[in-house]
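Inside the fold
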Amino acid sequence: MLKKIQVLILLILTTQITTIFAQDNVIDEVVWVVGDDAILKSEIESQIQQLKYDKVDIPGDPYCYIAEQIAVRKLFINQAKLDSIQVSEGNVNMQVNQRVSSMVAQIGSEEKLVEYFGRPIRDIKEELRDQAREQMMIQQVQQKLVGDIKITPADVRKYFSAVNEEDIPTIPEKVELQILTIEPTVKQKDIDEIKEKLRGFQERVESGDASFSMLATLYSDDLGSAKQGGELGFMGRGQLVPEFADAAFKLTDPDKVSRVVETEFGYHIIQLIEKRGDKVNCRHILLKPKVSLDEIQLAESKLDTLANDIREKKFSFDDAALNFSYDKDTKMNDGNMVNPKDGTPKFEYQDLPGEISKVAYELKVGEISEPITMTNNSGKEVCAIIKLKEKTPKHKASVDEDFQFLRSIVLSKKNEEVINNWIVNKQKDTFIDIIPEYQNCAFQYPNWVKK
(Lines give C-alpha, C1' and ligand atoms only; values in the text may rest on other atoms or scores of the structure.)
Protein backbone atom coordinates (compact mmCIF):
# COMPACT_ATOMS: atom_id res chain seq x y z
CA MET A 1 0.00 0.00 0.00
CA LEU A 2 2.77 2.45 0.96
CA LYS A 3 4.60 1.76 -2.31
CA LYS A 4 1.42 2.47 -4.27
CA ILE A 5 0.92 5.75 -2.42
CA GLN A 6 4.54 6.70 -3.15
CA VAL A 7 4.11 6.07 -6.87
CA LEU A 8 0.89 8.13 -6.83
CA ILE A 9 2.76 11.00 -5.17
CA LEU A 10 5.53 10.64 -7.76
CA LEU A 11 2.94 10.88 -10.53
CA ILE A 12 1.57 14.06 -8.99
CA LEU A 13 4.86 15.73 -8.07
CA THR A 14 7.39 14.69 -10.68
CA THR A 15 5.63 13.92 -13.93
CA GLN A 16 4.19 17.32 -14.72
CA ILE A 17 5.43 17.01 -18.26
CA THR A 18 4.01 13.59 -19.09
CA THR A 19 1.24 14.65 -21.40
CA ILE A 20 3.65 16.41 -23.75
CA PHE A 21 5.27 13.07 -24.42
CA ALA A 22 2.18 11.93 -26.34
CA GLN A 23 3.23 10.86 -29.82
CA ASP A 24 1.42 11.82 -32.99
CA ASN A 25 0.96 8.18 -33.94
CA VAL A 26 -1.08 7.28 -30.83
CA ILE A 27 -4.72 6.85 -31.79
CA ASP A 28 -6.45 8.84 -29.05
CA GLU A 29 -9.68 7.84 -27.38
CA VAL A 30 -11.50 8.52 -24.13
CA VAL A 31 -11.05 5.49 -21.88
CA TRP A 32 -12.37 6.82 -18.55
CA VAL A 33 -14.65 9.64 -17.49
CA VAL A 34 -14.39 10.89 -13.90
CA GLY A 35 -16.92 13.57 -13.05
CA ASP A 36 -16.56 16.20 -15.78
CA ASP A 37 -13.07 15.09 -16.80
CA ALA A 38 -12.07 12.61 -19.48
CA ILE A 39 -8.95 10.43 -19.36
CA LEU A 40 -7.41 9.92 -22.78
CA LYS A 41 -5.42 6.91 -23.89
CA SER A 42 -2.60 9.31 -24.78
CA GLU A 43 -2.39 10.44 -21.13
CA ILE A 44 -1.88 6.87 -19.98
CA GLU A 45 0.69 6.18 -22.71
CA SER A 46 2.55 9.36 -21.81
CA GLN A 47 2.76 8.69 -18.09
CA ILE A 48 3.88 5.10 -18.66
CA GLN A 49 6.60 6.44 -20.94
CA GLN A 50 7.72 9.06 -18.43
CA LEU A 51 7.82 6.63 -15.48
CA LYS A 52 9.85 4.19 -17.54
CA TYR A 53 12.18 7.07 -18.47
CA ASP A 54 12.55 7.82 -14.74
CA LYS A 55 13.14 4.08 -14.07
CA VAL A 56 10.15 3.84 -11.71
CA ASP A 57 8.73 0.35 -11.19
CA ILE A 58 5.03 0.13 -12.08
CA PRO A 59 3.17 -2.59 -10.17
CA GLY A 60 0.86 -4.84 -12.16
CA ASP A 61 -0.55 -3.96 -15.56
CA PRO A 62 0.79 -0.46 -16.30
CA TYR A 63 -2.27 0.55 -18.31
CA CYS A 64 -4.58 -0.39 -15.44
CA TYR A 65 -2.38 1.03 -12.71
CA ILE A 66 -1.60 4.38 -14.37
CA ALA A 67 -5.21 4.86 -15.47
CA GLU A 68 -6.35 4.43 -11.86
CA GLN A 69 -3.76 6.88 -10.57
CA ILE A 70 -4.91 9.49 -13.11
CA ALA A 71 -8.51 8.83 -12.06
CA VAL A 72 -7.61 9.38 -8.40
CA ARG A 73 -6.00 12.66 -9.36
CA LYS A 74 -9.19 13.67 -11.17
CA LEU A 75 -11.18 13.05 -7.97
CA PHE A 76 -8.98 15.51 -6.10
CA ILE A 77 -9.20 18.08 -8.89
CA ASN A 78 -12.99 17.83 -8.97
CA GLN A 79 -13.05 18.40 -5.20
CA ALA A 80 -10.76 21.40 -5.57
CA LYS A 81 -13.23 22.91 -8.05
CA LEU A 82 -16.13 22.27 -5.65
CA ASP A 83 -14.15 23.95 -2.86
CA SER A 84 -13.28 26.90 -5.15
CA ILE A 85 -9.60 26.41 -4.37
CA GLN A 86 -7.38 29.06 -5.91
CA VAL A 87 -3.61 28.87 -6.38
CA SER A 88 -1.01 31.59 -6.77
CA GLU A 89 -0.13 32.08 -10.42
CA GLY A 90 3.21 33.47 -9.26
CA ASN A 91 3.97 30.20 -7.50
CA VAL A 92 2.76 28.27 -10.54
CA ASN A 93 5.12 30.23 -12.78
CA MET A 94 7.98 29.73 -10.33
CA GLN A 95 7.48 25.97 -10.33
CA VAL A 96 7.25 25.89 -14.13
CA ASN A 97 10.45 27.90 -14.51
CA GLN A 98 12.25 25.65 -12.06
CA ARG A 99 11.04 22.56 -13.92
CA VAL A 100 12.09 23.96 -17.31
CA SER A 101 15.48 24.99 -15.91
CA SER A 102 15.98 21.48 -14.55
CA MET A 103 15.03 19.94 -17.89
CA VAL A 104 17.31 22.27 -19.82
CA ALA A 105 20.16 21.42 -17.45
CA GLN A 106 19.49 17.71 -18.05
CA ILE A 107 19.22 17.86 -21.82
CA GLY A 108 21.86 20.52 -22.47
CA SER A 109 20.04 23.54 -23.91
CA GLU A 110 16.61 25.02 -24.54
CA GLU A 111 17.05 24.32 -28.27
CA LYS A 112 17.61 20.62 -27.56
CA LEU A 113 14.55 20.58 -25.30
CA VAL A 114 12.39 22.01 -28.08
CA GLU A 115 13.87 19.53 -30.57
CA TYR A 116 13.30 16.58 -28.21
CA PHE A 117 9.61 17.33 -27.67
CA GLY A 118 8.99 18.71 -31.14
CA ARG A 119 7.06 21.63 -29.67
CA PRO A 120 7.80 25.34 -29.08
CA ILE A 121 9.01 26.22 -25.58
CA ARG A 122 5.83 28.25 -24.94
CA ASP A 123 3.70 25.14 -25.54
CA ILE A 124 5.86 23.08 -23.20
CA LYS A 125 5.57 25.75 -20.51
CA GLU A 126 1.81 26.01 -20.94
CA GLU A 127 1.42 22.25 -20.50
CA LEU A 128 3.63 22.37 -17.42
CA ARG A 129 1.66 25.33 -16.09
CA ASP A 130 -1.61 23.37 -16.20
CA GLN A 131 0.02 20.41 -14.46
CA ALA A 132 1.64 22.60 -11.78
CA ARG A 133 -1.68 24.32 -11.10
CA GLU A 134 -3.41 20.95 -10.68
CA GLN A 135 -0.63 19.72 -8.40
CA MET A 136 -1.05 22.70 -6.07
CA MET A 137 -4.84 22.26 -6.02
CA ILE A 138 -4.45 18.59 -5.09
CA GLN A 139 -2.02 19.45 -2.29
CA GLN A 140 -4.49 21.94 -0.84
CA VAL A 141 -7.34 19.40 -0.91
CA GLN A 142 -5.18 16.80 0.83
CA GLN A 143 -4.03 19.33 3.42
CA LYS A 144 -7.65 20.14 4.25
CA LEU A 145 -8.33 16.43 4.73
CA VAL A 146 -5.42 15.74 7.09
CA GLY A 147 -4.71 19.17 8.56
CA ASP A 148 -6.63 18.57 11.78
CA ILE A 149 -5.26 15.10 12.54
CA LYS A 150 -3.70 14.91 15.99
CA ILE A 151 -1.46 12.09 17.22
CA THR A 152 -1.35 11.51 20.98
CA PRO A 153 1.31 9.64 22.99
CA ALA A 154 -1.32 6.91 23.48
CA ASP A 155 -1.59 6.53 19.68
CA VAL A 156 2.18 6.08 19.42
CA ARG A 157 2.31 3.52 22.23
CA LYS A 158 -0.61 1.61 20.69
CA TYR A 159 1.16 1.47 17.34
CA PHE A 160 4.46 0.43 18.88
CA SER A 161 2.91 -2.33 20.99
CA ALA A 162 1.24 -3.83 17.91
CA VAL A 163 4.38 -3.95 15.75
CA ASN A 164 6.25 -7.23 15.44
CA GLU A 165 9.80 -7.20 16.79
CA GLU A 166 11.33 -7.70 13.35
CA ASP A 167 9.29 -4.77 11.97
CA ILE A 168 10.45 -2.23 14.56
CA PRO A 169 12.42 0.40 12.62
CA THR A 170 16.14 0.83 13.22
CA ILE A 171 17.29 4.31 14.17
CA PRO A 172 20.65 5.31 12.69
CA GLU A 173 23.36 6.90 14.81
CA LYS A 174 22.44 10.45 15.84
CA VAL A 175 24.37 13.32 17.37
CA GLU A 176 23.61 16.42 19.42
CA LEU A 177 25.80 19.42 18.70
CA GLN A 178 26.58 22.89 19.95
CA ILE A 179 27.89 25.57 17.63
CA LEU A 180 29.55 28.96 18.06
CA THR A 181 29.97 31.13 14.97
CA ILE A 182 31.77 34.37 14.18
CA GLU A 183 31.12 36.35 11.02
CA PRO A 184 34.33 37.68 9.46
CA THR A 185 34.20 41.44 9.03
CA VAL A 186 33.43 42.68 5.54
CA LYS A 187 35.51 45.71 4.57
CA GLN A 188 33.58 48.93 3.98
CA LYS A 189 35.11 49.44 0.55
CA ASP A 190 33.70 46.06 -0.56
CA ILE A 191 30.24 47.04 0.73
CA ASP A 192 30.46 50.38 -1.11
CA GLU A 193 31.39 48.60 -4.35
CA ILE A 194 28.40 46.29 -4.02
CA LYS A 195 26.00 49.19 -3.42
CA GLU A 196 27.41 51.13 -6.35
CA LYS A 197 26.99 48.13 -8.64
CA LEU A 198 23.35 47.75 -7.58
CA ARG A 199 22.70 51.47 -8.16
CA GLY A 200 24.13 51.01 -11.63
CA PHE A 201 21.67 48.18 -12.26
CA GLN A 202 18.85 50.41 -11.00
CA GLU A 203 19.77 53.17 -13.45
CA ARG A 204 20.03 50.76 -16.38
CA VAL A 205 16.56 49.32 -15.69
CA GLU A 206 14.84 52.67 -15.17
CA SER A 207 16.48 54.15 -18.29
CA GLY A 208 15.37 51.19 -20.39
CA ASP A 209 18.94 50.13 -21.11
CA ALA A 210 18.41 46.63 -19.63
CA SER A 211 15.61 44.50 -18.21
CA PHE A 212 15.59 43.69 -14.50
CA SER A 213 15.04 39.99 -15.20
CA MET A 214 18.04 39.80 -17.51
CA LEU A 215 20.33 41.48 -14.95
CA ALA A 216 19.01 39.18 -12.19
CA THR A 217 19.69 36.10 -14.30
CA LEU A 218 23.24 37.25 -15.04
CA TYR A 219 24.34 38.76 -11.74
CA SER A 220 22.14 37.86 -8.74
CA ASP A 221 23.75 35.80 -5.96
CA ASP A 222 20.33 34.30 -5.17
CA LEU A 223 20.79 31.44 -7.60
CA GLY A 224 17.30 30.01 -7.02
CA SER A 225 15.41 33.14 -8.07
CA ALA A 226 18.03 34.13 -10.66
CA LYS A 227 16.82 31.24 -12.82
CA GLN A 228 13.39 32.93 -12.81
CA GLY A 229 14.78 36.36 -13.65
CA GLY A 230 14.80 37.26 -9.95
CA GLU A 231 11.07 36.52 -9.50
CA LEU A 232 10.07 35.32 -6.02
CA GLY A 233 6.36 34.58 -6.49
CA PHE A 234 3.54 35.94 -4.34
CA MET A 235 4.53 36.25 -0.69
CA GLY A 236 3.07 37.82 2.44
CA ARG A 237 5.03 40.00 4.84
CA GLY A 238 5.63 37.10 7.20
CA GLN A 239 7.42 35.14 4.47
CA LEU A 240 10.00 37.88 3.92
CA VAL A 241 12.65 39.30 6.22
CA PRO A 242 11.41 42.63 7.64
CA GLU A 243 13.78 44.97 5.77
CA PHE A 244 12.96 43.34 2.44
CA ALA A 245 9.21 43.26 3.17
CA ASP A 246 9.14 46.97 4.08
CA ALA A 247 10.82 47.94 0.80
CA ALA A 248 8.81 45.54 -1.37
CA PHE A 249 5.39 46.57 -0.02
CA LYS A 250 6.20 50.27 -0.46
CA LEU A 251 6.69 49.83 -4.21
CA THR A 252 3.78 50.98 -6.38
CA ASP A 253 5.26 51.44 -9.87
CA PRO A 254 6.53 48.34 -11.74
CA ASP A 255 8.77 50.61 -13.85
CA LYS A 256 10.69 51.81 -10.79
CA VAL A 257 13.34 49.98 -8.77
CA SER A 258 13.79 50.20 -5.00
CA ARG A 259 16.71 51.75 -3.21
CA VAL A 260 19.48 49.39 -2.09
CA VAL A 261 18.14 47.27 0.79
CA GLU A 262 20.38 45.55 3.34
CA THR A 263 19.24 42.29 4.94
CA GLU A 264 20.95 39.39 6.67
CA PHE A 265 21.41 37.84 3.22
CA GLY A 266 23.29 40.76 1.67
CA TYR A 267 22.25 43.77 -0.43
CA HIS A 268 19.23 43.88 -2.76
CA ILE A 269 17.35 45.98 -5.26
CA ILE A 270 13.68 45.11 -5.83
CA GLN A 271 11.20 45.55 -8.67
CA LEU A 272 7.44 45.19 -8.21
CA ILE A 273 5.59 42.78 -10.51
CA GLU A 274 2.12 42.71 -8.93
CA LYS A 275 0.31 43.24 -5.65
CA ARG A 276 -2.65 41.04 -4.83
CA GLY A 277 -4.40 41.61 -1.50
CA ASP A 278 -1.87 41.17 1.30
CA LYS A 279 0.71 39.53 -0.96
CA VAL A 280 3.30 40.88 -3.35
CA ASN A 281 5.17 39.34 -6.27
CA CYS A 282 8.48 40.97 -7.05
CA ARG A 283 11.90 40.46 -8.58
CA HIS A 284 15.14 41.10 -6.78
CA ILE A 285 18.86 41.11 -7.38
CA LEU A 286 21.00 40.03 -4.42
CA LEU A 287 24.71 40.74 -4.17
CA LYS A 288 26.88 39.49 -1.31
CA PRO A 289 30.19 41.15 -0.43
CA LYS A 290 33.08 38.70 -0.54
CA VAL A 291 34.99 38.09 2.69
CA SER A 292 38.76 38.49 2.44
CA LEU A 293 41.15 35.72 3.48
CA ASP A 294 42.79 37.83 6.18
CA GLU A 295 39.40 38.49 7.83
CA ILE A 296 38.63 34.75 7.80
CA GLN A 297 41.98 34.03 9.42
CA LEU A 298 41.30 36.68 12.06
CA ALA A 299 37.90 35.12 12.89
CA GLU A 300 39.45 31.65 13.09
CA SER A 301 42.11 32.98 15.46
CA LYS A 302 39.40 34.36 17.77
CA LEU A 303 37.63 30.99 17.72
CA ASP A 304 40.90 29.21 18.50
CA THR A 305 41.29 31.34 21.60
CA LEU A 306 37.68 30.74 22.68
CA ALA A 307 37.99 26.98 22.16
CA ASN A 308 41.17 26.80 24.23
CA ASP A 309 39.58 28.86 27.03
CA ILE A 310 36.61 26.44 27.07
CA ARG A 311 38.93 23.43 27.17
CA GLU A 312 40.79 25.03 30.10
CA LYS A 313 37.42 25.54 31.81
CA LYS A 314 37.72 29.32 32.01
CA PHE A 315 34.06 29.33 30.94
CA SER A 316 31.59 26.87 29.44
CA PHE A 317 30.65 26.44 25.79
CA ASP A 318 27.12 27.54 26.80
CA ASP A 319 28.42 30.87 28.14
CA ALA A 320 30.74 31.37 25.17
CA ALA A 321 27.87 30.85 22.72
CA LEU A 322 25.64 33.30 24.58
CA ASN A 323 28.30 36.02 24.76
CA PHE A 324 30.25 35.63 21.53
CA SER A 325 28.26 33.72 18.90
CA TYR A 326 26.77 35.51 15.88
CA ASP A 327 24.29 32.67 15.23
CA LYS A 328 20.90 34.13 16.17
CA ASP A 329 19.22 30.70 15.99
CA THR A 330 21.43 29.08 18.65
CA LYS A 331 23.15 31.67 20.83
CA MET A 332 20.15 32.06 23.15
CA ASN A 333 19.90 28.28 23.38
CA ASP A 334 23.40 27.67 24.80
CA GLY A 335 24.63 27.07 21.26
CA ASN A 336 22.48 23.93 20.90
CA MET A 337 21.48 23.14 17.31
CA VAL A 338 17.88 22.10 16.61
CA ASN A 339 16.90 19.80 13.77
CA PRO A 340 14.26 21.64 11.67
CA LYS A 341 12.85 18.30 10.49
CA ASP A 342 11.47 17.29 13.88
CA GLY A 343 12.28 20.09 16.33
CA THR A 344 14.63 17.89 18.39
CA PRO A 345 18.36 18.39 19.06
CA LYS A 346 19.17 15.04 17.41
CA PHE A 347 20.64 14.88 13.91
CA GLU A 348 21.52 12.11 11.54
CA TYR A 349 24.78 12.97 9.82
CA GLN A 350 22.97 13.35 6.50
CA ASP A 351 20.71 16.06 7.99
CA LEU A 352 23.65 18.30 8.87
CA PRO A 353 25.36 20.79 6.57
CA GLY A 354 28.26 19.06 4.84
CA GLU A 355 31.00 21.01 6.63
CA ILE A 356 29.49 20.28 10.05
CA SER A 357 28.70 16.63 9.31
CA LYS A 358 32.30 15.89 8.36
CA VAL A 359 33.64 17.48 11.56
CA ALA A 360 31.01 15.92 13.85
CA TYR A 361 31.75 12.43 12.57
CA GLU A 362 35.37 12.71 13.76
CA LEU A 363 34.65 14.18 17.20
CA LYS A 364 34.34 12.32 20.49
CA VAL A 365 31.62 13.23 22.99
CA GLY A 366 32.62 16.44 24.82
CA GLU A 367 35.29 17.32 22.25
CA ILE A 368 35.48 20.73 20.52
CA SER A 369 36.52 21.00 16.88
CA GLU A 370 39.14 23.17 15.28
CA PRO A 371 37.67 26.27 13.56
CA ILE A 372 35.95 25.63 10.23
CA THR A 373 34.66 27.95 7.50
CA MET A 374 31.13 27.30 6.28
CA THR A 375 28.05 28.91 4.75
CA ASN A 376 25.21 29.64 7.18
CA ASN A 377 21.44 29.61 6.57
CA SER A 378 21.57 33.18 5.28
CA GLY A 379 24.18 32.24 2.68
CA LYS A 380 26.95 34.11 4.49
CA GLU A 381 30.47 32.78 4.92
CA VAL A 382 31.11 32.30 8.64
CA CYS A 383 33.66 30.61 10.86
CA ALA A 384 32.59 28.17 13.57
CA ILE A 385 33.63 25.73 16.24
CA ILE A 386 31.53 22.63 16.98
CA LYS A 387 31.14 20.65 20.21
CA LEU A 388 29.82 17.09 20.16
CA LYS A 389 27.46 17.10 23.10
CA GLU A 390 25.92 13.64 22.78
CA LYS A 391 25.99 10.63 20.47
CA THR A 392 23.18 8.05 20.30
CA PRO A 393 24.31 4.74 18.75
CA LYS A 394 22.33 2.94 16.07
CA HIS A 395 19.48 1.03 17.74
CA LYS A 396 15.97 -0.34 17.47
CA ALA A 397 13.38 2.40 17.98
CA SER A 398 11.76 2.79 21.40
CA VAL A 399 8.95 5.05 22.57
CA ASP A 400 11.07 6.65 25.30
CA GLU A 401 14.06 7.54 23.12
CA ASP A 402 12.45 8.00 19.70
CA PHE A 403 8.96 9.32 20.35
CA GLN A 404 9.07 12.02 17.65
CA PHE A 405 10.31 9.56 15.04
CA LEU A 406 7.57 7.05 15.87
CA ARG A 407 4.99 9.82 16.00
CA SER A 408 5.88 10.82 12.43
CA ILE A 409 5.34 7.21 11.30
CA VAL A 410 1.94 7.03 13.02
CA LEU A 411 0.94 10.41 11.57
CA SER A 412 1.95 9.32 8.07
CA LYS A 413 -0.07 6.12 8.37
CA LYS A 414 -3.09 8.03 9.69
CA ASN A 415 -2.85 10.53 6.82
CA GLU A 416 -2.76 7.66 4.31
CA GLU A 417 -5.78 6.05 5.96
CA VAL A 418 -7.82 9.27 5.86
CA ILE A 419 -6.92 9.95 2.22
CA ASN A 420 -7.64 6.37 1.16
CA ASN A 421 -11.05 6.42 2.90
CA TRP A 422 -11.85 9.74 1.25
CA ILE A 423 -11.03 8.29 -2.18
CA VAL A 424 -13.28 5.27 -1.60
CA ASN A 425 -16.19 7.47 -0.47
CA LYS A 426 -15.65 10.01 -3.22
CA GLN A 427 -15.91 7.28 -5.85
CA LYS A 428 -19.45 6.56 -4.68
CA ASP A 429 -20.55 10.18 -5.22
CA THR A 430 -18.83 10.77 -8.56
CA PHE A 431 -19.99 9.91 -12.08
CA ILE A 432 -17.54 7.34 -13.47
CA ASP A 433 -17.60 5.60 -16.83
CA ILE A 434 -14.92 3.17 -18.06
CA ILE A 435 -14.68 1.44 -21.42
CA PRO A 436 -15.02 -2.38 -21.21
CA GLU A 437 -11.35 -3.27 -21.76
CA TYR A 438 -10.41 -1.46 -18.52
CA GLN A 439 -13.24 -2.80 -16.37
CA ASN A 440 -11.51 -6.06 -15.43
CA CYS A 441 -8.39 -4.42 -14.01
CA ALA A 442 -7.21 -5.36 -10.51
CA PHE A 443 -7.82 -1.93 -8.98
CA GLN A 444 -6.44 -0.69 -5.67
CA TYR A 445 -9.74 1.06 -4.87
CA PRO A 446 -13.25 -0.45 -5.30
CA ASN A 447 -16.21 1.31 -6.90
CA TRP A 448 -14.63 2.38 -10.20
CA VAL A 449 -16.92 -0.08 -11.97
CA LYS A 450 -20.49 0.46 -10.85
CA LYS A 451 -22.36 -2.76 -10.15
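Presented here is an overview of the structure given in this document. (Residues numbered from 1 in each chain as written. Predicted model: local features only at pLDDT ≥ 70, side-chain atom pairs only at ≥ 80, totals over all residues. Heavy atoms only, no water.)

1. Some details on the sheet that holds strand S8 (residues 372-375)
In spatial order, the strands read S4-S9-S8; together these three strands make up an open sheet with antiparallel pairing. Looking at which strands have only one partner, the edges of the open sheet turn out to be strand S4 (174-182) and S8. Neighbour-to-neighbour, the strand axes of the sheet open up by a mean angle of 50°, direction not taken into account. Bridging between S8 and strand S9 (residues 381-392) involves four bridges; their strand directions are antiparallel. What sits directly across from Thr-373, in S9, is Cys-383. Sheet strands touched by helix H12 (residues 293-311): S4, S8 and S9. Its angle to S9, the strand with the most contacts, is close to 35°. Lying over the sheet, helix H14 (residues 354-362) contacts S4, S8 and S9, oriented at roughly 145° with respect to S8. (Pairing = 2+ DSSP bridges. Helix = DSSP H or I, 4+ residues; strand = E, 2+ residues; numbered from the N terminus. Axes fitted to C-alpha atoms, helices over the stretch in contact; angles between N-to-C directions. Contact = heavy atoms within 4.5 Å.)

2. Re unusual backbone geometry
Phi is positive for Lys-313, close to 65°, though the residue is something other than glycine. Assignment of secondary structure puts Lys-313 in the loop between H12 and helix H13 (317-324). Residue classification places Lys-313 among the exposed residues on the basis of a relative accessible area of 73%. You will see that Asn-447, though not glycine, has its phi angle at about 75°, which is positive. Residue position: Asn-447 is located in the segment after strand S11 (432-434). (Buried < 20%, exposed > 50% of the residue type's maximum accessible area, 1.4 Å probe, protein only.)

3. Focus: the packing of helix H4 (residues 89-107) against helix H6 (residues 121-146)
Put simply, H4 and H6 touch, their axes get as near as 9 Å, and they point 125° apart. What the angle tells us is that H4 and H6 run oblique. For the element pair H4 and H6, the recorded crossing hand is right-handed. Between H4 and H6, the contacting residues are Glu-89, Asn-91, Val-92, Asn-93, Gln-95, Val-96, Asn-97, Arg-99, Val-100 and Met-103 on the first element and Ile-121, Lys-125, Leu-128, Arg-129, Ala-132, Arg-133, Gln-135 and Met-136 on the second. Split by residue class, the contact of H4 with H6 holds eight nonpolar, five polar and five charged. (Parallel < 35°, antiparallel > 145°, perpendicular 65-115°, else oblique. Left-handed = near helix turned anticlockwise from the far one by under 90°. Nonpolar A, V, L, I, M, F, W, Y, C, P; charged D, E, K, R; others polar.)

4. Thoughts on the pattern of salt bridges
Inspection of every chain in the model, using the stated rule, returns 19 salt bridges. Arg-204 is paired through a salt bridge with Asp-209; the nearest N and O atoms lie 3.0 Å apart. Owing to a relative accessible area of 30%, Arg-204 belongs among the partly exposed residues under this scheme. Looking at Asp-209, the relative accessible area reads 54%, which means it is exposed. The salt bridge involving Arg-276 is made with Glu-274; its shortest N-O contact spans 3.3 Å. A single salt-bridge network, built from bridges that share partners, covers Asp-309, Glu-312 and Lys-314. (Salt bridge = Lys/Arg side-chain N within 4 Å of Asp/Glu carboxyl O.)

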